[in-house]
Amino acid sequence: VQLQASGGGLVQAGGSLRLSCAASGRTLNWLTMGWFRQAPGKEREFVAAIRRTGTNTWYSDSVKGRFTISRSNDKNSVHLQMNSLKYEDTAVYYCAAGPHIILSALRSGDGYPYWGQGTQVTVSS
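Remarks on the packing of aromatic side chains
Under the counting rule described, the total for this entry stands at 4 aromatic pairs. With a centroid separation of 5.7 Å and an interplanar angle of 75°, the aromatic rings of Phe36 and Phe46 are classed as edge-to-face. Note that Phe36 is positioned in strand S4 (residues 32–38) and Phe46 in strand S5 (residues 45–50), a separation of 10 residues in sequence. Given a relative accessible area of 7%, Phe46 falls into the buried group. Ring centres of Tyr112 and Trp115 lie 6.3 Å apart, and the angle between their planes is 65°; this geometry places the pair in the edge-to-face category.

Some words on the nonpolar core
Residues Leu3, Met33, Trp35, Leu80, Met82 and Tyr93 are the most contacted members of the largest nonpolar core, which totals 30 residues. Residue assignment for this core shows that the elements contributing at least two residues are strand S1 (2–6), strand S3 (17–24), S4, S5, strand S7 (67–72), strand S8 (77–82), strand S9 (91–98) and strand S11 (119–124). For Leu3, the contacting residues outside a window of four places in its chain are Cys21, Ala22, Ala23, Leu28, Met33, Cys95, Ala96, Ala97, Tyr114, Trp115, Gly116 and Gln117. Ranked by size, the runner-up nonpolar core spans 9 residues in total, among them Ala49, Ala96, Ile101 and Leu106.

Structural notes on the environment of Thr57
Tracing the backbone through its elements, the reader meets Thr57 in strand S6 (residues 57–59). Note on Thr57: relative accessible area 33%, which makes it partly exposed. Measuring from C-alpha to C-alpha, the distance between Thr57 and Thr32 comes to 9.9 Å, with 25 residues separating the pair along the chain. Here Thr57 is in contact with Ala49, Ile50 and Ile69, once residues within four sequence places are set aside.

Remarks on unusual backbone geometry
Residue Asn76 is not a glycine yet carries a positive backbone phi of 55°. In this structure, Asn76 sits in the loop between S7 and S8. Note on Asn76: relative accessible area 15%, which makes it buried. Despite not being glycine, His100 has its phi angle at roughly 55°, a positive value. The topology assignment puts His100 in the loop between S9 and strand S10 (114–115).

Reading guide: rules and limits
- Residues numbered from 1 in each chain as written.
- Predicted model: local features only at pLDDT ≥ 70, side-chain atom pairs only at ≥ 80, totals over all residues.
- Heavy atoms only, no water.
- Phe/Tyr/Trp six-rings, centres within 6.5 Å; stacked < 30°, edge-to-face > 60°.
- Helix = DSSP H or I, 4+ residues; strand = E, 2+ residues; numbered from the N terminus.
- Buried < 20%, exposed > 50% of the residue type's maximum accessible area, 1.4 Å probe, protein only.
- Core = buried A, V, L, I, M, F, W, Y, C linked by side-chain atoms within 4.5 Å.
- Contact = heavy atoms within 4.5 Å.

So, in structure tokens, the structure goes:
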């Protein structure tokens, strides 16, 4: 599975961006999808995840209520709607995918064998 993240850019604090992750090679409808981010000098951190049916979602405390993960299995893509962006949301955002990720591993990048190349999100204060 090849993943391609897009939609990053420069936005002012309080603004919005919508990230997309498109897949090729195989369909996504059998995979759990996740978004992670990594800011300069920091560890990679979990942002959000969604099960293959779209009925279950998880968010980090830092983005809960501001970000929304969704998926379009018919379009083989996953999205991350980011509202009320803050300076501390600045990072490279990665989409990831994996089958059979148990609940305890959802927030760990180690549970996802497939990764996209990342898209830069910069929030100006």
